[in-house]
Amino acid sequence: LALPKPRAMALSKYLQLKKQLEDEISLPPTTERTPQATGFFEVMVAGKLIHSKKQDDGYVDTENKFLKLVAAIKATLTQG
């Protein structure tokens, strides 16, 4: 599970989401900075892009988006 490293203003939201994912999935996410873009938020599992702010998934800022993300992560993990 790979999450991008946050920029300054998004840090608290990022840390909150990271903690929620760790609690829900029991896997510590890794982080990776995307130097060519700011405000980029993508989640990759087993090399598969499952959430992308750039591709209209937006930031995970609602319970529904969080649950959708968790379901996608779990589904991808059980496939691989």
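As the structure is a prediction and not an experimental result, all values here were calculated from the model. (Residues numbered from 1 in each chain as written. Predicted model: local features only at pLDDT ≥ 70, side-chain atom pairs only at ≥ 80, totals over all residues. Heavy atoms only, no water.)

1. Details of the overall build of the protein
The helix and strand tally for the protein stands at 3 helices and 4 strands. Reading the protein from its N end, one meets helices and strands in the order β-α-β-β-β-α-α. Per-residue burial for the protein yields a buried fraction of 32% across its 80 residues. For the protein, the proportion of contacts with a sequence separation of at least 24, taken over those separated by at least 6, is 59%. (Helix = DSSP H or I, 4+ residues; strand = E, 2+ residues; numbered from the N terminus. Buried < 20%, exposed > 50% of the residue type's maximum accessible area, 1.4 Å probe, protein only. Contact = heavy atoms within 4.5 Å.)

2. So, unusual backbone geometry
The phi torsion at A46 lies on the positive side, around 50°, for a residue other than glycine. Here A46 is to be found in the loop between β3 (42-45) and β4 (48-52). Taking relative accessible area as the criterion, A46 reaches 72% and is therefore assigned exposed. One non-glycine residue with positive phi stands out, namely D56, at about 70°. Its location among the elements puts D56 in helix α2 (residues 53-57). On the basis of relative accessible area, D56 is assigned to the exposed category, the value being 75%.

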